Number of protein chains: 2
Amino acid sequence: MAASSSEARLARWRAAFKSGGYRLTSARVAVLRVLAESQQALDATRIFDRARVYEPRLGLVTVYRTLETMLALGLAQKVHCPAQCARYAAVEPGHNHLLVCRRCGRVWYFSGDDLGALMQAVAGESGFRVEDHWLQLIGLCARCRAEMETEGAV
Amino acid sequence: MAASSSEARLARWRAAFKSGGYRLTSARVAVLRVLAESQQALDATRIFDRARVYEPRLGLVTVYRTLETMLALGLAQKVHCPAQCARYAAVEPGHNHLLVCRRCGRVWYFSGDDLGALMQAVAGESGFRVEDHWLQLIGLCARCRAEMETEGAV
DNA sequence: TCAAAAATGAAAACCATTTTCAGTTACAGA
DNA sequence: TCTGTAACTGAAAATGGTTTTCATTTTTGA
Ligand SMILES: [Mn+2]
Ligand SMILES: [Mn+2]
Ligand SMILES: [Zn+2]
Ligand SMILES: [Zn+2]
């Protein structure tokens, strides 16, 4: 199921690149594949390392360029963590808010935030035009909690 | 009123440095003063420029070091914007959520978010331990909206 | 198959932040 | 008020992530 959903994601992304007028090079596909398969928010270097398994001649520059394009196409998003501000994760259609494990970087998407009323109230009383909202929950996933207990630290 | 509240804030911060065991040097006070007086989220360079008015011999290094200490003491917070991840703003006691103007960087604090239920639901079903939440509204303040209309661009 | 445009990667440049270190300063205690 | 000393400072150098440059390679439509 994780595999098939990552296949589907990759297919969608290939189509998005095509219809955006971008060529489907093997370097780009290697980067797409890494993020499509991952359930984590990864930084550029880690994406680079993993993508080189698929495409050993890949350069780090192309990773950055491909990520830039993915952001522009709305396929990936930047994830800000307390420790590191430049991680990238797949955008899951529909749900925009993230639960991020500060230890392993895995992300989960959730919905159910009802900020509409709050945003309207804020806009109404200040004249502010709210264009975007960021909501991100940060903590420790179940697995990391268990691992940290094993290691002793908390 | 803005002036007196910035005076009060500066006084609080001086006390916090003192009781944290940090010396009150003129370099530090210049940095504190800038953030105490500002209602914006500023980056290190802008803080440096403004602080040199008070303390011309100030070095940029000390700005970074003082901001670091302010974060540790909970007096300032890092503000993440789409354009720039390293701005700093005063922490307003009680309310932790920000409304940020993406154009001028001014920040307003708001409360009234009720995320408790959401966070419990998320934690319950996933075993995730939510340690922190980031909620930030991004948009355009009334003044910037007016100025942008005048200039033609939107 | 071929030409043109797009894309690539190695190397260099860039730039915000951090580290180093020798000199300066704040301040507790005399 | 003076003094000793640890804390602090700023100039300069180092660092490290990201971007730019540019000659070469690849993709793709004709
Ligand atoms: Mn950030
Ligand atoms: Mn809250
Ligand atoms: Zn984890
Ligand atoms: Zn504004």
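Look up: the structure comes first, before these words.
Below or above, wherever it landed, is the structure these notes cover. All figures in this text were calculated on a predicted structure; none of them were measured in a lab. (Residues numbered from 1 in each chain as written. Chains lettered and ligands numbered in written order. Predicted model: local features only at pLDDT ≥ 70, side-chain atom pairs only at ≥ 80, totals over all residues. Heavy atoms only, no water.)

## A look at the protein's contact with DNA strand D
Logical step 1: Neighbouring DNA strand D are 20 residues; Arg-23 and Tyr-64 of chain A together with Thr-25, Thr-62 and Arg-65 of chain B lie closest to it.
Logical step 2: Sugar and phosphate atoms constitute 61% of the interface atoms of DNA strand D, taking the interface as everything within 4 Å of the protein.
Logical step 3: One nitrogen or oxygen atom from the side chain of Arg-28 of chain B is found 2.8 Å from a phosphate oxygen belonging to DNA strand D.
Logical step 4: A distance of 2.4 Å separates a base nitrogen of DNA strand D from a polar atom in the side chain of Arg-65 of chain B.
Logical step 5: Considered class by class, the residues forming the surface near DNA strand D number eight nonpolar, four polar and eight charged. (Near = heavy atom within 4 Å. Polar contact = N/O pair within 3.5 Å; in protein donor to acceptor, adjacent residues only side chain to side chain. Nonpolar A, V, L, I, M, F, W, Y, C, P; charged D, E, K, R; others polar.)

## What about the coordination of the zinc ion (ligand 3)?
All names here are of chain A.
Logical step 1: Donor atoms from the polypeptide that coordinate the zinc ion (ligand 3) comprise Cys-101 (SG), Cys-104 (SG), Cys-141 (SG) and Cys-144 (SG), at 2.2 to 2.4 Å from the metal.
Logical step 2: Metal-centred angles of 103 to 116° between the four donor atoms at the zinc ion (ligand 3) mark the site as tetrahedral.
Logical step 3: As a motif over one chain, the donors of the zinc ion (ligand 3) read C-x2-C-x36-C-x2-C. Separated by 37 residues along the polypeptide, Cys-104 in the loop between β4 (97–101) and β5 (107–110) and Cys-141 in the loop between β6 (129–140) and α6 (142–151) bring together distant segments of the chain. The pair formed by Cys-104 and Cys-141 is uniform in burial state, with each residue classed as buried. (Donors = N, O, S within 2.8 Å, 3.2 Å for Na, K, Ca; no water. Tetrahedral: all angles 85-135°; square planar, octahedral: opposite > 155°, others 65-115°. Helix = DSSP H or I, 4+ residues; strand = E, 2+ residues; numbered from the N terminus. Buried < 20%, exposed > 50% of the residue type's maximum accessible area, 1.4 Å probe, protein only.)

## Some points on the pattern of salt bridges
Logical step 1: Evaluation of the coordinates by the stated rule reveals 10 salt bridges over all chains.
Logical step 2: Note that Glu-131 of chain B and Arg-102 of chain A form a salt bridge whose closest N and O atoms lie 2.5 Å from each other. Here Arg-102 of chain A lies in the loop between β4 and β5 and Glu-131 of chain B lies in strand β6 (residues 129–140), a pairing that spans two chains.
Logical step 3: Relative accessible area serves as the criterion here: at 37%, Glu-131 of chain B is assigned to the partly exposed category.
Logical step 4: Connected through shared salt-bridge partners, Arg-102 of chain A together with Arg-129 and Glu-131 of chain B make up one network. (Salt bridge = Lys/Arg side-chain N within 4 Å of Asp/Glu carboxyl O.)

## Here we look at the coordination of the manganese ion (ligand 1)
Six octahedral donors around a metal ideally make angles of 90 or 180 degrees; four tetrahedral donors ideally make 109.5 degrees.
Logical step 1: Of the protein atoms, only His-80 of chain A (ND1), Cys-85 of chain A (SG), His-80 of chain B (ND1) and Cys-85 of chain B (SG) coordinate the manganese ion (ligand 1), at distances of 2.0 to 2.6 Å.
Logical step 2: A residue is classified by how much of its surface remains accessible, and Cys-85 of chain B, at 23% relative accessible area, is partly exposed.

## Observations concerning the relation of the copies chain B and chain A
Logical step 1: Superposing chain B onto chain A takes a rotation of 180° plus a shift of 0.0 Å along the axis, which leaves an RMSD of 0.1 Å. The transformation just described matches what one would write down for a two-fold rotation axis. Scanning chain B for the C-alpha nearest the rotation axis identifies Leu-135 of chain B, at a separation of 2.3 Å.
Logical step 2: When you check the interface residues of chain B against chain A, 100% turn up at the interface there too, and the contact is symmetric in its surfaces. (Least-squares fit on C-alpha atoms with pLDDT ≥ 70 in both. Contact = heavy atoms within 4.5 Å.)

## A look at the protein's contact with DNA strand C
Logical step 1: Inspection of the region around DNA strand C gives 21 residues, with Thr-25, Thr-62 and Arg-65 of chain A together with Lys-18 and Tyr-64 of chain B positioned closest.
Logical step 2: Here, DNA strand C places atoms within 4 Å of the protein, and 64% of those atoms are sugar or phosphate.
Logical step 3: In this structure, Arg-23 of chain A approaches DNA strand C through a main-chain N or O atom, which is 3.2 Å from a phosphate oxygen.
Logical step 4: Between Leu-58 of chain A and DNA strand C, the recorded distance is 3.4 Å, taken from a backbone N or O atom to a phosphate oxygen.
Logical step 5: Listing elements by their share of the surface near DNA strand C, those giving two or more residues are α2 (26–37) and α4 (60–73) of chain A together with α4 (60–73) of chain B.
Logical step 6: Grouping the constituent residues of the surface near DNA strand C by class yields nine nonpolar, four polar and eight charged.

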